[in-house]
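Coordinate inspection notes
What follows is the residue order along each chain.
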2 protein chains.
Amino acid sequence: MRQYKILLIIADGLGDRPTRELNGRTPLGAADKPNLRELIRSSVGGLMDPIAPGVRAGSDTSHLAIFGLDPFKYYRGRGAFEAIGAGAVLEPGDVAFRGNFATVEGDLTVIDRRAGRKIEEADDLVRELNEKVGEIDGVKAMFYHGTEHRVAVVLRGQGLSDKVSDTDPHEVNRRVLESRPLDGTKEAERTAEVLNKLTRRVYEVLSQSELNKLRVSKGLPPANVILLRGASIFEGLPKFKDYTGLNAGAVSATALIKGICKQLGMDVITPPGATGGVDSDLNAKADAAAKTLEEKDFVFVHVKGTDAASHDGNARAKVDVIERIDRMIGRILDRVGSELVIAFTGDHTTPVEVREHTSDPVPFMLYLPFQANFDGLSDFNEREVKKGSLRIRGLDVTNLLLGYSNRAEKYGA
Amino acid sequence: MRQYKILLIIADGLGDRPTRELNGRTPLGAADKPNLRELIRSSVGGLMDPIAPGVRAGSDTSHLAIFGLDPFKYYRGRGAFEAIGAGAVLEPGDVAFRGNFATVEGDLTVIDRRAGRKIEEADDLVRELNEKVGEIDGVKAMFYHGTEHRVAVVLRGQGLSDKVSDTDPHEVNRRVLESRPLDGTKEAERTAEVLNKLTRRVYEVLSQSELNKLRVSKGLPPANVILLRGASIFEGLPKFKDYTGLNAGAVSATALIKGICKQLGMDVITPPGATGGVDSDLNAKADAAAKTLEEKDFVFVHVKGTDAASHDGNARAKVDVIERIDRMIGRILDRVGSELVIAFTGDHTTPVEVREHTSDPVPFMLYLPFQANFDGLSDFNEREVKKGSLRIRGLDVTNLLLGYSNRAEKYGA
């Protein structure tokens, strides 16, 4: 059997509901999509529940499932995935925390749990911490800036545990908490001790930082401590190549998605101009995807703009991003031809009228180069794909791609 | 996101097959349902396998699944659920048995395994046992009358086991069996010992009962012992509120369903006139449901008449019950409005031409107050709903209700 290359395109938050501003059509239904309309004629289609019917998926859990890893097994704790999203590349045994820059007085009484929330100096403060905090009792502490006041902290060293309590008191006018071990193990005791030393060391570095002195002189609250919560140990993720046999490349500009792809061992490409927003240069992504398809068996392209438009409640912007995705696909096929297997779907539904992830299933199409119009679909949108033959879960996608590209091992004899 | 209240209506044994008496229509297809036809225009619909395709569900296993509890994990042994259906409220560690009133001679040789089957005095005999048997070796024995000769017996106390053999010899002209421990544990030994003392104590109480003396004087076989079988230990069920966050009320007149709802911690309401039969006062149920919806997030209404009509093979009666359910739904909505999420389905299929539960999937509809006619359905019946987008299992229902009522926590980021 001829083995085809595989192109997987995920438009974040693609799924939607009938939308008043679009006269009852969904953004996908309203968008002009000549390339997708052409591909759908050789596709099977249907609806996909990213996790399971009724489950409101996040982008992290959904991408794990679509890449073939059951999130109920592999998604252990928010902390590790927050750190991955903030740029950390984790190793098994790392303990990750979600954190806030906060403002405290000299006795570590919290005055502002978010140090004013908008902290322009956050990237520089994180850099200073990574330079000056160093090791504590043989444990390396690493700091990653997320958005606004958010910081992920990762501890790396022997014998750590995530069974430790938060240092975040979760309200103001209370002192930063001492972390305590939550079970009787030596590892938890050691980790809590490291964490308490870390808090004092972070306070020393930050309260002496020139950046904070400048903030105070401007009348801004200094970001002079980090409050930690949600310890989670990272147990590692299997490598995509190991469980699929596929050499994989990922084209994405979104930190969380890039982080997950890196952890799975994919080569991650962020071409210049790709921003992870509605203004992203999708031509640049098309070119990067086409080039990567020359070298790899499997190329994943992630587009964030659909979700960004949805969270803004901007139906027209979502239609526009979908139309640009259609042209991106056309541009890829102009370069590489159409002798490949292509899946196009979303990672979850974010209706523009809701502005939040919902649990609705997501439209899914699978273009097959050898397939006559078996499902008889005439367009790719939420209503039309329901007529197709597929009713799948996210966890089925990687198997479908391997199966239809003639790359699946036979299960049995 | 606005959180909607939830109404779940289950018509027991609703699903059916094309029926000769109805000119090839199903009872649901033949029934006049103006309210459901109105609701279906804002619904998603499809077919539901209560457990899994091909599995013939009972009402107990199916309701567990629909309430979000996997029966393969939580349905441990018939005995416990028989006791629940007979009115017991079980505690973890209780050991429950299915039992028969039977007739024995003085040396405990069984003459009639069912003591004539129809035992008018059964409720009074059970009351007498609950008053007079008392504790045995610190173990409390509780008796619950089911139907006809059937009695559930529950043992409550420290250190009990369900690894004990039956006392029911399963044929006449044999003596009541001594229960034996089925494994080497002290708990099994103790339980078998208690059970053997219990059998003799039950015989003493029943053979001296004035009610039995009266039966003998009428030429009826005395119900002078209880034969026990199918020991099962109750391991407890999670509380619905704990795993869904929902304050729940249940409107039902059927012992087994009421029992399950009570074990899940729901408030159970049986309005006067609700009988659990084809003659049940569904207006009274409508009023109870509407009132409960004012106080609760989630109201479950169970109607047994559809199943009762099916077991009788009475297609016209089933059509009539369905039409009265339709009016019940209309009456609820007249009271509470239509700004809520409503699921209507059955717990299994009981075709009137089969008169037994079958494994066919069940029609399912989910009314969404914010949903235009996305699935394009024009009626609610087995044939039409197949055009809808859902193909689910019972275990998905609670997730779907949480998801579409905007009450699901996001899984991931």
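Residues numbered from 1 in each chain as written. Chains lettered and ligands numbered in written order. Predicted model: local features only at pLDDT ≥ 70, side-chain atom pairs only at ≥ 80, totals over all residues. Heavy atoms only, no water.

Regarding the nonpolar core
Within soluble globular proteins, side chains that are nonpolar tend to cluster in buried spots. The cut-off we apply is this: Among buried residues, those of type Ala, Val, Leu, Ile, Met, Phe, Trp, Tyr and Cys that are joined through side-chain atoms within 4.5 Å constitute a nonpolar core. Buried residues are those whose accessible area, probed at 1.4 Å on protein chains only, stays under 20% of the maximum for their type, while exposed residues exceed 50% and partly exposed ones sit between those limits. Domain start and stop positions are those given by an automatic or database domain assignment.
Of all hydrophobic cores here, the largest spans 54 residues; its most connected members are Leu8 and Phe298 of chain A. Built from parts of two domains, this core gets at least three residues from each of domain 1 (5-73 + 238-404) and domain 2 (80-233) of chain A. Residues Phe67, Cys261, Leu390 and Ala408 of chain B belong to the second largest nonpolar core, which totals 48 residues.

Regarding the pattern of salt bridges
Residues and elements named next belong to chain A. Here is the rule we go by: A pairing counts as a salt bridge when a side-chain nitrogen of Lys or Arg comes within 4 Å of a carboxyl oxygen of Asp or Glu. Think of it this way: any DSSP run of H or I at least four residues long counts as a helix, any run of E at least two long counts as a strand, and we number them from the N terminus.
Scanning the entire structure with this criterion turns up 74 salt bridges over all chains. Between Arg78 and Glu82 there is a salt bridge; the shortest N-O distance is 3.1 Å. Taken as a pair, Arg78 and Glu82 lie in helix 5 (residues 78-85) at a separation of four residues, close to a single helical turn. For Arg78, a relative accessible area of 30% corresponds to the partly exposed category. Under the relative-accessibility criterion, Glu82 is labelled partly exposed at 25%. For Glu384, the salt bridge is made with Lys387, and the minimal N-O distance between the two is 2.7 Å.

Some points on the relation of the copies chain A and chain B
The condition is simple: In superposing the copies, a least-squares fit is computed on C-alpha atoms, taking residues whose pLDDT is at least 70 in both. Any two residues whose heavy atoms approach within 4.5 Å are treated as being in contact.
Of the transformation superimposing chain A on chain B, the axial component is 0.0 Å and the angular component is 123°, with the fit at an RMSD of 0.1 Å. Considering both components of the superposition, the chain copies are consistent with a three-fold axis. Little of the interface of chain A is mirrored in chain B, where only 3% of its interface residues again form contacts.

Topic: the packing of aromatic side chains
The relation between two aromatic rings is expressed through the spacing of the ring centres and the mutual angle of the planes. Spelled out, the test is: Centres within 6.5 Å are what make two rings of Phe, Tyr or Trp a pair, Trp counting through its six-membered ring; a difference in plane orientation under 30 degrees is then read as stacked, over 60 as edge-to-face, and the rest as tilted.
Counted by the stated rule, this structure contains 18 aromatic pairs over all chains. When the centroid spacing of 5.0 Å and the interplanar angle of 15° are considered together, the rings of Phe72 of chain A and Tyr411 of chain B count as stacked. A residue pair is termed interchain when its members come from two chains, as with Phe72 of chain A in helix 4 (residues 71-74) and Tyr411 of chain B in the segment after helix 15 (397-404). We classify Phe72 of chain A as exposed; its relative accessible area is 55%. Among the residues examined, Tyr411 of chain B registers a relative accessible area of 18% and is labelled buried. Ring centres of Tyr75 of chain A and Tyr411 of chain B lie 5.7 Å apart, and the angle between their planes is 70°; on these two criteria the pair is classed as edge-to-face. Note that Tyr75 of chain A is positioned in the loop between helix 4 and helix 5 and Tyr411 of chain B in the segment after helix 15, a pairing that runs across two chains. The two residues Tyr75 of chain A and Tyr411 of chain B agree in class, both being buried. Members of the aromatic cluster, joined through ring pairs, are Phe67, Phe240, Tyr243, Phe298 and Phe300 of chain A.

Some thoughts on unusual backbone geometry
In this model, Glu148 of chain A sits at a positive phi of 50°, which is unusual for a non-glycine residue. One can find Glu148 of chain A in the loop between strand 6 (139-145) and strand 7 (150-156). Assessed through its relative accessible area of 33%, Glu148 of chain A is described here as partly exposed. The phi torsion at Asn406 of chain B lies on the positive side, around 60°, for a residue other than glycine. Within the secondary structure, Asn406 of chain B sits in the segment after helix 15. Overall, Asn406 of chain B belongs to the buried group, its relative accessible area being 12%.

Remarks on the packing of helix 6 (residues 122-132) of chain A against helix 7 (residues 186-207) of chain A
Residue and element names in this part refer to chain A. For the record, the criterion: Only the contacting stretch of a helix is used when fitting its axis, a line to C-alpha atoms as for every element, and angles between N-to-C directions run 0 to 180 degrees. Any angle that falls under 35 degrees is termed roughly parallel, while one over 145 is termed roughly antiparallel, one within 65 to 115 roughly perpendicular, and all others oblique. Left-handed is the label given to a crossing in which the near helix is rotated counterclockwise from the far helix by less than a right angle, and right-handed is the label when the rotation is clockwise. Residue classes follow a fixed rule: Ala, Val, Leu, Ile, Met, Phe, Trp, Tyr, Cys and Pro count as nonpolar, while Asp, Glu, Lys and Arg count as charged, and any other residue, Gly among them, counts as polar.
Relative orientation of the contacting elements helix 6 and helix 7 amounts to 120°, with a least axis distance of 10 Å. Considering the angle they form, helix 6 stands oblique to helix 7. Our pair here, helix 6 against helix 7, has a crossing hand that is right-handed. Packed against helix 6, whose contacting residues are Leu125, Glu128, Leu129 and Lys132, the element helix 7 presents Arg201, Val202, Val205 and Leu206 at the interface. When its residues are assigned to classes, the contact of helix 6 with helix 7 shows five nonpolar, no polar and three charged.

Describing the interface of chain A and chain B
How we decide: Joining two parts hides part of their accessible area as seen by a 1.4 Å probe, and the buried area is that hidden amount summed over both.
Opposite the 30 residues of chain A that make contact, chain B presents 21 residues. The junction of chain A with chain B conceals about 2200 Å² of combined surface from both sides, 58% of it contributed by carbon and sulfur atoms. Taken as a group, Pro53, Arg56 and Lys386 of chain A account for 28% of the area that chain A buries against chain B, more than any other trio of residues on that side. At the junction of chain A and chain B, the tally comes to two salt bridges.

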